[in-house]
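Residue-level listing of the chains:
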Amino acid sequence: MHGRRAENLIRGRIEEEGAIAFSEYMELCLNAPGLGYYTAGNAKFGPEGDFVTAPEISTLFGRCVARQFEEVLDFLGGGEILEIGGGTGAFAESCLAELSRRDAAAPRRYRILETSPDLRDRQRRRLEPLGVEWLEALPEDPFDGIVFANEVVDALPVERFRLSPEGVESMHVAANLEGLRWVARPAARALREHVRAVEGRLGRPLGAAGYESEWCPSLPGWLEAIAAHLRQGLVLVFDYGYGEAEYYHPDRDRGTLRCHYRHRRHDDPLILPTLQDITASVDFSALARAGDAAGLDRVGFTTQAWFLLGCGITHLLAELGIDEGGAGGQPHGGARYAAHAHAVRQLTLPGEMGERVRVLGLGRALGGAAATLRGFTGRRLDDRL
Ligand SMILES: C[S@@+](CC[C@H](N)C(=O)[O-])C[C@H]1O[C@@H](n2cnc3c(N)ncnc32)[C@H](O)[C@@H]1O
């Protein structure tokens, strides 16, 4: 029923235009009011849903990142936390618990900017007692503190393009009786200029005719709006993604779109419109350049594994082992410890999230503190930006 209404909405737009840009299709699929993947009431997260994110895997993720927040809030002498895209509220819950466990100065405020009414309701039920506040748009007032986004930027709509002997083509979505299908249209000027600029920076063509990839035109504006509100502090972005040379590697010639439906991952966004998650990897070089333009400093770029190791994930796990009898004492404790140990592997192993999720830190007026943030004390990938 819901799927039929959503498909009618998308088909209606396609009938008006003949075909719609992939970015419009992705926006409708994820965010159409009341019908989109994020805006409707489907499960999305966890065993009943379609995918699992780091805060859902283990509280150790939020606990580690809280330690990074604590360092920044100490340097600032206070400040607030603005989380963008809070999911089920799991991150906020474990982060606030860790700050309180460590007797760290509580953030002045913890706010979540959440565009999905369904997820906002779920977060409210879980987090209202903790004093969390919600926003539907960026705050009016400038603030000091931390902006945090985990797996949010990969949900910003992208253009999909293809190189052809005639030039750059923009992949649009059309429809026939059997379903939705791709059609190529000549690329608009902004997309052509993007491809030319990337080729100029890389000093090579992206690939041969047929090469396909993505571009997120709203990325610079997204970061610019955040930066405009941050007087002093850190923007911390975790996401699946690469630096530009890896993103537009000649071998990555089918692009980076990833869809999730009931824990199955595939790369066809035209099936199950609004019923499956659609993401595109993040071009972290574009994000860093947008930060430069917005007057933010590059604080560090690393993998999720190195970030969490820098924040002490193995020490936290060892503490749990002692508290819970992980060395074989209490049977229940031992089982819980094994679950935590398994989660740490998922969060840090290269073939899992450890290498594939990257972390970019951008700062404003962090002075000497920027050079010593614990999440960026391990292996750095700044030269890949
Ligand atoms: C994949 S979920 C990640 C949730 C959470 N950060 C986590 O790690 O579990 C994406 C989240 O971002 C929200 N979202 C998507 N686009 C957004 C945007 N433009 N601004 C704010 N939130 C957004 C979604 O509603 C959802 O809460």
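Worth saying up front: this structure is predicted, and the values here are computed from it rather than measured.

Definitions and limits used
- Residues numbered from 1 in each chain as written.
- Predicted model: local features only at pLDDT ≥ 70, side-chain atom pairs only at ≥ 80, totals over all residues.
- Heavy atoms only, no water.
- Phe/Tyr/Trp six-rings, centres within 6.5 Å; stacked < 30°, edge-to-face > 60°.
- Helix = DSSP H or I, 4+ residues; strand = E, 2+ residues; numbered from the N terminus.
- Buried < 20%, exposed > 50% of the residue type's maximum accessible area, 1.4 Å probe, protein only.
- Lys NZ or Arg CZ within 6 Å of the ring centre and 35° of its normal.
- Contact = heavy atoms within 4.5 Å.
- Salt bridge = Lys/Arg side-chain N within 4 Å of Asp/Glu carboxyl O.
- Pairing = 2+ DSSP bridges.
- Axes fitted to C-alpha atoms, helices over the stretch in contact; angles between N-to-C directions.
- Parallel < 35°, antiparallel > 145°, perpendicular 65-115°, else oblique.
- Left-handed = near helix turned anticlockwise from the far one by under 90°.
- Nonpolar A, V, L, I, M, F, W, Y, C, P; charged D, E, K, R; others polar.
- Near = heavy atom within 4 Å.
- Polar contact = N/O pair within 3.5 Å; in protein donor to acceptor, adjacent residues only side chain to side chain.
- Areas by Shrake-Rupley, 256 points an atom, 1.4 Å probe, with all protein chains shown as cover.
- Core = buried A, V, L, I, M, F, W, Y, C linked by side-chain atoms within 4.5 Å.

A. The arrangement of the packing of aromatic side chains in detail. On inspection of all chains with the given rule, the structure shows 17 aromatic pairs. Seen in terms of ring centroids, F161 and Y248 are 6.3 Å apart; in terms of plane orientation they differ by 35 degrees. Their pairing is tilted. A residue pair is termed long-range when its members are at least 10 positions apart, and F161 in strand β6 (residues 159–164) and Y248 in the loop between α9 (244–247) and β11 (257–261) qualify at 87 residues. For the pair formed by F161 and Y248, the shared burial category is buried. Each residue in the set F61, F69, F91, F148, F238, F307 and F376 is aromatic and connected to the rest through ring pairs, giving one cluster. Sitting above the plane of the W182 ring, R160 keeps its charged end 5.6 Å from the centroid. Taking NZ or CZ as reference, R258 lies 4.6 Å from the ring centre of Y240, over its face.

B. Representation of the side chain of S94 in the model. Inspection of the secondary structure assignment puts S94 in helix α5 (residues 90–101). Under the relative-accessibility criterion, S94 is labelled buried at 6%. If near-sequence neighbours (up to four positions away) are discounted, S94 is found in contact with T59, G62 and R63.

C. Local environment of the pattern of salt bridges. Overall, the coordinates contain 30 salt bridges when judged by the stated rule. Here R126 and E93 are joined by a salt bridge, their closest N and O atoms 3.0 Å apart. With R126 in helix α6 (residues 117–127) and E93 in helix α5, this residue pair connects regions lying 33 residues apart in the sequence. Look at E93 and you get partly exposed, because its relative accessible area is 32%. Put simply, D382 and R380 hold a salt bridge, and the shortest N to O gap is 2.9 Å. The class of R380 is partly exposed, set by a relative accessible area of 33%.

D. Spotlight on the sheet that holds strand β13 (residues 277–280). Strand order in this open sheet of three strands is β12-β11-β13, and the pairing throughout is antiparallel. At either margin of the open sheet sits one strand with a lone partner, and together these are β12 (264–266) and β13. On average, each strand axis in the sheet is tilted by 25 degrees relative to the strand beside it, whichever way the strands run.

E. View of the packing of helix α1 (residues 2–17) against helix α2 (residues 22–31). Between α1 and α2, the least distance of the axes is 10 Å, while the angle of their chain directions is 155 degrees. Taken together, the axes of α1 and α2 lie roughly antiparallel to each other. Considering how the two elements wind past one another, α1 and α2 form a crossing that is right-handed. Contact residues: α1 offers L9, I10 and R13, while α2 offers E24, Y25, L28 and C29. Split by residue class, the contact of α1 with α2 holds five nonpolar, no polar and two charged.

F. Main features of the site of the ligand. The immediate surroundings of the ligand are formed by 18 residues, with T53, G85, G87, E114 and N150 found nearest. T53 places a side-chain nitrogen or oxygen 2.6 Å from an oxygen atom of the ligand. At 2.7 Å from an oxygen atom of the ligand is found a side-chain nitrogen or oxygen belonging to N150. Bound to the protein, the ligand loses 93% of the 590 Å² it would expose on its own.

G. Region of interest: the pairing of strand β9 (residues 212–215). By the alternation rule, side chains of β9 split into E212 and E214 and S213 and W215, which are all buried. Pairing of β6 with β9 involves four bridges; the strand directions are antiparallel. Residue pairing in the sheet places F161 in a bridge with S213 of β9.

H. The arrangement of the nonpolar core in detail. Within the largest apolar cluster, 57 residues are counted, with the highest numbers of intra-cluster contacts made by Y25, W222, V235 and L287. With six residues, α2 is the largest single contributor of residues to this core. Within the second largest apolar cluster, 46 residues are counted, among which are I146, L234, I313 and V344.

I. Broad picture of the environment of G145. Relative to the elements of secondary structure, G145 occurs in strand β5 (residues 143–150). Its relative accessible area of 0% is what places G145 among the buried residues. Excluding its chain neighbours within four sequence positions, the residues that come into contact with G145 are L76, G79, E80, L230, Q232, G233 and L234.

J. Region of the structure containing the side chain of E80. Looking at the secondary structure, you find E80 in strand β2 (residues 80–84). By relative accessible area, E80 is classed as buried at 4%. Sequence-distant contacts of E80, that is, excluding residues within four places in its chain, are made with L73, P107, R108, R109, R111, F143, D144, G145 and I146.

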